[in-house]
Amino acid sequence: MTTVNATEIVPVPALNLAGSFAVQRDELLAEVAAICESGQYVLGPKVAAFEAALAEYCGARFALGVSSGTDALLMALMALDVGPGDEVIVPTFTFFGTAGVVARVGARPVFCDIDPATYNIDPHQAAALLTTRTKAVIPVHLYGQMAELRPLFSDFNRHGVAVIEDAAQAIGATHPDFPGRRAGAVGTFGCISFYPTKNLGAFGDAGALLTNDEKLFELARKLRVHGSGHTYFHDVVGGNFRIDALQAAILTIKLRRLDEGNARRAAIAQRYAALLAEAGLVPEHVTPPADPRSPGDPGPRHVYHQFVIRCRRRDALAEHLRRRKVGCGVYYPLPLHLQKCFANLGYQRGAFPHAEKAADEVLALPMYPELTEPQQQAVVAAIAEFCRR
């Protein structure tokens, strides 16, 4: 294996969306032109075709293209009639949208700590938070790895509590407990984001709502267009949650190569782990993500939307990497229970120690299918330089 000199600055961007576009450039541009010439810009046959392809890929009965992953979560809560007086259990270590939608419908977010190894919701603590007011629980498949859903189903389903998967970061991920289904196709609803940085990214905002329940699907389809089953006749109050035909057509093309891209991400993750170990950085200086696979796993347990390490001197390391022109990011620097907008809920620092520790230590390294071995070597060399100063 060739090595990169630690004194040599090799710029490594955190993302490479242009490189992803280049792989399918001609096909994508042709589709964009066809949409522009068609005059059909919102919903329509391109959206229907994408929804069918997505449902088949994920193993869900129904898929509904929507305006964003956040709106998918919001629609799920609306379809389940979650509102004032209700509680929804959510992990405190996640993107804001997971809890923000709960507050938007007037319900109370009830925060839960995480499993420190996976960063996903602690199912046992979640069960302990169950009350007569609990209407739903939203496990997040953070960074690309599916949360443990089986314990949640055991504890929540018998109480009539819905399990809404936040699969925004995990399209394509699997779990051996649910053969034939991928992230988002297991719970009452599954919510996916196609923000451009995701493993399957649109050319703007877009998302999807998955379900296996036909009645909920039909209700969600009405909610997508202001609660209308027929133009200008409204059965319920919904919103404007439509997906553009352009985004659906682009996603249909990119979906064909999603598994290939996810496989490359997994190979890159394995190489990162090997390079960090060879450099003598594990476990004294950094902790890479645990590989969740086991012999005989039928599919990708982790699709590595992010490759996240832990470092006790995280902020200093991040600054060092940026000086070395290595992209990195902190997802997320402050747990939701400590956010100013949720101060009225009464949580204090120390309430969820695993989430708070993660917020102080996690650092996402560059991760995308086009990342090269020399670039990864440059990233690890820069980390080694910092750790050995």
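One can find the structure itself at the top, above this paragraph.
Residues numbered from 1 in each chain as written. Predicted model: local features only at pLDDT ≥ 70, side-chain atom pairs only at ≥ 80, totals over all residues. Heavy atoms only, no water.

1. Some points on the overall build of the protein
Looking only at helices and strands, the protein features 13 helices and 11 strands. For the protein, the C-alpha radius of gyration of 21 Å lies close to 21 Å, the compact-globule estimate for 389 residues. Per-residue burial over the protein gives 54% buried out of 389 residues. Restricting to contacts in the protein with at least 6 residues of sequence separation, those with at least 24 account for 73%. (Helix = DSSP H or I, 4+ residues; strand = E, 2+ residues; numbered from the N terminus. Rg over C-alpha atoms; globule rule 2.2 N^0.38 Å. Buried < 20%, exposed > 50% of the residue type's maximum accessible area, 1.4 Å probe, protein only. Contact = heavy atoms within 4.5 Å.)

2. Focus: unusual backbone geometry
Of the consecutive residues V282 and P283, the connecting peptide bond is found in the cis state with omega at 0°. Note that the residue after Y331, namely Y332, is joined by a cis bond; omega there is 20°. The backbone of H226 sits at a positive phi, close to 60°, despite the residue not being glycine. With respect to the element layout, H226 can be found in the loop between α8 (214–223) and β8 (228–230).

3. Quick look at the packing of aromatic side chains
Applying the stated criterion across every chain yields a total of 15 aromatic pairs. An aromatic cluster is built from F93, F95, Y119, Y143, Y331 and Y332, whose rings are joined through pairwise contacts. The aromatic ring of Y57 is capped on one face by R182, whose charged end is 4.0 Å from the ring centroid. (Phe/Tyr/Trp six-rings, centres within 6.5 Å; stacked < 30°, edge-to-face > 60°. Lys NZ or Arg CZ within 6 Å of the ring centre and 35° of its normal.)

4. With respect to the pattern of salt bridges
Taken as a whole and assessed by the stated rule, the structure comprises 18 salt bridges. Through salt bridges that share partners, R257, E260 and R264 make up one connected network. (Salt bridge = Lys/Arg side-chain N within 4 Å of Asp/Glu carboxyl O.)

5. Let's talk about the sheet that holds strand β4 (residues 134–137)
Judged by pairing direction, the sheet is mixed, and its seven strands sit side by side in the order β1-β7-β6-β5-β4-β2-β3 without closing on themselves. Every interior strand has two partners, whereas the edge strands, β1 (62–66) and β3 (108–112), have only one. With strand direction ignored, the average angle separating the axes of adjacent strands in the sheet is 25°. Relative to strand β5 (residues 162–166), β4 runs parallel, the two being bridged by two bridges. Residue pairing across strands places A136 opposite A162, the latter belonging to β5. Its contacts with the sheet place helix α4 (residues 69–79) against β1, β2 (87–91), β5, β6 (189–193) and β7 (207–211), and it is angled at close to 160° to β6. Across the face of the sheet, α8 comes into contact with β1, β6 and β7 while running at roughly 15° to β1. (Pairing = 2+ DSSP bridges. Axes fitted to C-alpha atoms, helices over the stretch in contact; angles between N-to-C directions.)

6. What about the packing of helix α11 (residues 314–323) against helix α13 (residues 373–387)?
Close contact between α11 and α13 brings their axes to 10 Å; oriented N to C, the two are set at 130°. On the basis of the axis angle, α11 is oblique to α13. α13 is crossed by α11, and the crossing has right-handed handedness. Between α11 and α13, the residues in contact are A316, L317, H320 and L321 and V379, A382, I383, E385 and F386, respectively. When the residues that make up the contact of α11 with α13 are grouped by side-chain class, the tally is seven nonpolar, one polar and one charged. (Parallel < 35°, antiparallel > 145°, perpendicular 65-115°, else oblique. Left-handed = near helix turned anticlockwise from the far one by under 90°. Nonpolar A, V, L, I, M, F, W, Y, C, P; charged D, E, K, R; others polar.)

7. Comments concerning the nonpolar core
By size, the foremost hydrophobic cluster in this structure holds 93 residues, and its most contacted members are L54, F93, F111, Y119, I164, F194 and L209. Per element, the largest residue contribution to this core is seven residues, and it comes from α4. Among all residues touching L54, those that are not within four sequence positions of it are A63, I171, F194, A208, L210 and L255. Membership of the second largest hydrophobic core comes to 31 residues, among which are L275, L276, L363 and I383. (Core = buried A, V, L, I, M, F, W, Y, C linked by side-chain atoms within 4.5 Å.)

8. What to know about the side chain of T134
Tracing the backbone shows T134 in strand β4. Residue classification places T134 among the buried residues on the basis of a relative accessible area of 8%. Looking at T134, its side chain comes within polar contact range of the main-chain nitrogen of T131, at 2.9 Å. Residues within four places of T134 in sequence aside, it is in contact with E87, I89, L129, F156 and V161. (Polar contact = N/O pair within 3.5 Å; in protein donor to acceptor, adjacent residues only side chain to side chain.)

9. Structural notes on the environment of F156
Mapped onto the secondary structure, F156 falls in helix α7 (residues 150–156). Residue classification places F156 among the buried positions, given a relative accessible area of 0%. As a C-alpha pair, F156 and Y272 span 116 residues in sequence and 38 Å in three-dimensional space. Excluding its chain neighbours within four sequence positions, the residues that come into contact with F156 are I89, A126, A127, L130, T134, V137, V161 and V163.

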